[in-house]
Amino acid sequence: MFPKTGKKFPGDEGVTFSTYATVIADILKSELGSSHQAHKTLMRWTGANERTAKNWLSGSNGPSGEHLLQLMRNSDRVFEFVLKLSHRPAVLSNQKLAEICSSLRITADLLSEVIEPKDGYAQKSARQKDSEVGRCKTRHTFASGGRLR
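Novice: I'm lost on helix α6 (residues 94–114) in this one. Help?
Specialist: Each turn of an α-helix holds 3.6 residues, which means side chains three or four residues apart point in the same direction. With 21 residues, α6 should reach 30 Å at 1.5 Å per residue; the first-to-last C-alpha distance of 30 Å fits that figure. Considered for burial, the residues of α6 that qualify are Asn94, Leu97 and Cys101. In a view along the axis of α6, the buried residues occupy a sector of 65°, so they form one face of it. Looking at α6, the residues exposed on the side facing more than 90 degrees away from the buried face are Glu113 and Val114.

As structure tokens, this is what we get:
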């Protein structure tokens, strides 16, 4: 007869269910708040009932199965958290890529205002800037698997 050593698999020391539920609750609260509207939004996103949505926001239970998939579809932070839990490489969401692209564009514009033109070097025309924006969107679309949100 084999000795009973427990219900845990080797290498499963990471996140416990209570920690999982708490982290999901923190993510949802930071995105939606903890108002009645947050419950309604979760219900609309997942098709879950109000009590279930309240339990997710309180951290007493975490979503599983189809509800978790629906949350991942609607919340980039939940999606990234689940990727981290599964030890998969991080993937930048469409929203983060768009924010990074916008930030880089603003930084480039600020730098071009600070740097004085040398040897007849003129600032870029509006058409050149538009083409750069188009390239950024093209790269963004390619990096996100060919679809924009």
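Having seen it, we continue.
Novice: Can you help me understand the pattern of salt bridges in this one?
Specialist: Where side chains of opposite charge bring their charged atoms close, a pairing between them can arise. One pass over the structure, following the stated rule, counts 1 salt bridge. Between Lys54 and Glu50 there is a salt bridge, with its nearest N and O atoms 3.8 Å apart. Note that Lys54 and Glu50 are positioned in helix α3 (residues 50–58) at a spacing of 4 residues, about one turn of the helix. Looking at Glu50, the relative accessible area reads 27%, which means it is partly exposed.

Novice: Explain the packing of aromatic side chains here, please?
Specialist: Each aromatic ring pair is characterised by the separation of its centres together with the angle its planes make. Applying the stated criterion to the full structure yields 1 aromatic pair. Relative to Phe81, the ring of Tyr20 has its centre 6.3 Å away and its plane inclined at 20°; by these criteria the two rings are stacked. Here Tyr20, found in helix α1 (residues 17–32), pairs with Phe81, found in helix α5 (residues 76–85); they are 61 residues apart in sequence, far enough to count as distant. The residues Tyr20 and Phe81 share a single accessibility class, namely buried.

Here is what the cut-offs are and how they apply
- Per-chain numbering applies: the sequence of each chain, read as written, is numbered from 1 onward.
- Restriction of local features to residues with pLDDT of at least 70 applies here, the model being predicted, together with a cutoff of 80 or more for giving and counting side-chain atom pairs; totals for whole chains, interfaces and linings are based on all residues.
- The basis for every side-chain value is the complete set of heavy atoms in the structure, and neither hydrogens nor water enter the calculation.
- In this text, helices come from DSSP runs of H or I with a minimum length of four residues, and strands from runs of E with a minimum of two, each type numbered from the N-terminal end.
- For a helix, the expected span equals 1.5 Å multiplied by the number of residues minus one.
- Exposed residues in this analysis have more than 50% of their type's maximum accessible area, buried residues have under 20%, and partly exposed residues fall in between, with area computed by a 1.4 Å probe over protein chains only.
- Think of it as the arc spanned by the lines of direction from the helix axis to the C-beta atoms.
- One speaks of a salt bridge when a side-chain nitrogen belonging to Lys or Arg is within 4 Å of a carboxyl oxygen belonging to Asp or Glu.
- The criterion for an aromatic pair is that two Phe, Tyr or Trp rings (for Trp, the six-membered ring) have centres within 6.5 Å, with stacked assigned to planes under 30 degrees apart, edge-to-face to planes over 60 apart and tilted to the rest.

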